[in-house]
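# A closer look at the structure
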Amino acid sequence: MRRLRADGLKAVDVSVYSVTAAVHDDFVRQPRAFERTLSGIRSARDAGIDVSISFLLSSVSADETEAMIALARGLGVRCNFDTHMTARHDGSRSSLDLGVGRDALERLYRGPFAPFVTPAPARRDSIACPCARSVCGIGSSGDVYPCIAALLPSGNVKSKSFGEIWRDSPTLNWVRGLGASDFPACAGCDHAAYCRRASGVMLNNTGTFTGPLAFGDDLCCVEAEVVHRLASERADVAPRSESAIVSSLPRGRACDT
């Protein structure tokens, strides 16, 4: 970690799947993974790297949010929460069985996530996420992707400069050119303004970058519906500007520790 910091690494984001070691290890299918993950977090922190933990909530960890915050505070790092379960890159889909269901989502948004239930701005023209716009992914082999979760090969930094790939890649430019009408289930959805769809998640879960093909094909649809309903119930919430609302609805639910 000290060498990485000396080479210019500024920040890392580490996924943790439970505060219970056995649950985390079972999810990633590696013994002692939880112990080694916390050790790595401490090493990165001590080397002066900005560390954030991304807690992926599942059906078995959705009620651990307070313990997760306590863990991050104990380590002296920031954390955020993510409710979007994805299929694995090897094509297996068993992880989706652990997705946070409607009842758990409602508990979260009536409880610790209540501050994120806000009036939504008018829907913008683009439904697209930051893929290929403000973020991208580079794999260990040098392959460039629209984001690290959307494994659509867009070039390789071993054969072209990153700047050239970023500017000229047909795949990246295709992503940037997508409009609202290219997202069939999202364009006319009543809950779209409350949705946190991510194209990498959709690609893994539905097989198409512009998915879902129909409302309800992914749990993000259910989440958007729950948040929309709860926001409608909170008529006492004062309207907020679009910029404030967007900043309070990041890819994951942020926790400032």
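Let us look at the structure shown here. This structure is a prediction, so every number in the text was calculated from the model and none was measured. (Residues numbered from 1 in each chain as written. Predicted model: local features only at pLDDT ≥ 70, side-chain atom pairs only at ≥ 80, totals over all residues. Heavy atoms only, no water.)

In this structure, Ile41, Ile53 and Phe55 are the most contacted members of the largest nonpolar core, which totals 33 residues. Of all the elements in the fold, those that place two or more residues in this core are strand 1 (11-16), helix 3 (33-46), strand 2 (50-56), helix 4 (65-75), strand 3 (78-82), helix 5 (102-110) and helix 9 (219-233). Ignoring sequence-local partners within four residues, the contact set of Phe55 consists of Val16, Met68, Leu71, Ala72, Cys79, Asn80, Phe81 and Asp82. (Core = buried A, V, L, I, M, F, W, Y, C linked by side-chain atoms within 4.5 Å. Buried < 20%, exposed > 50% of the residue type's maximum accessible area, 1.4 Å probe, protein only. Helix = DSSP H or I, 4+ residues; strand = E, 2+ residues; numbered from the N terminus. Contact = heavy atoms within 4.5 Å.)

Looking now at the environment of Val226. Within the secondary structure layout, Val226 lies in helix 9. C-alpha of Val226 to C-alpha of Arg110: the two residues are 116 residues apart in sequence and 10.0 Å apart in space. Every residue in contact with Val226, bar those within four places of it in the chain, is listed here: Arg102, Leu105 and Glu106.

To continue, consider the packing of aromatic side chains. Evaluation of the coordinates by the stated rule reveals 7 aromatic pairs. Measuring from ring centre to ring centre gives 5.6 Å for Trp174 and Phe209, while their planes differ by 55°; the resulting arrangement is tilted. Of this pair, Trp174 sits in helix 7 (residues 170-176) while Phe209 is found in the loop between helix 8 (199-206) and helix 9, placing the two residues 35 residues apart along the sequence. Among the residues examined, Trp174 registers a relative accessible area of 42% and is labelled partly exposed. (Phe/Tyr/Trp six-rings, centres within 6.5 Å; stacked < 30°, edge-to-face > 60°.)

Taking burial as the measure, the 7 residues of strand 2 include 6 buried ones, the bulk of the element. Across 5 bridges, the pairing between strand 2 and strand 3 is parallel. Note that in strand 3 the partner of Phe55 across the bridge is Phe81. In terms of handedness, the path from strand 2 via helix 4 over to strand 3 forms a crossover that is right-handed. (Pairing = 2+ DSSP bridges. Right-handed = clockwise from strand over helix to strand, strands pointing away.)

A separate point is the pattern of salt bridges. Scanning the entire structure with this criterion turns up 11 salt bridges. Residues Asp63 and Arg107 are paired through a salt bridge, measuring 3.4 Å at the closest nitrogen-oxygen approach. Of this pair, Asp63 sits in the loop between strand 2 and helix 4 while Arg107 sits in helix 5, placing them 44 residues apart in sequence. Across the pair Arg229 and Glu233 runs a salt bridge whose closest N-O atoms are separated by 3.9 Å. Note that Arg229 and Glu233 are positioned in helix 9 at a spacing of 4 residues, about one turn of the helix. (Salt bridge = Lys/Arg side-chain N within 4 Å of Asp/Glu carboxyl O.)

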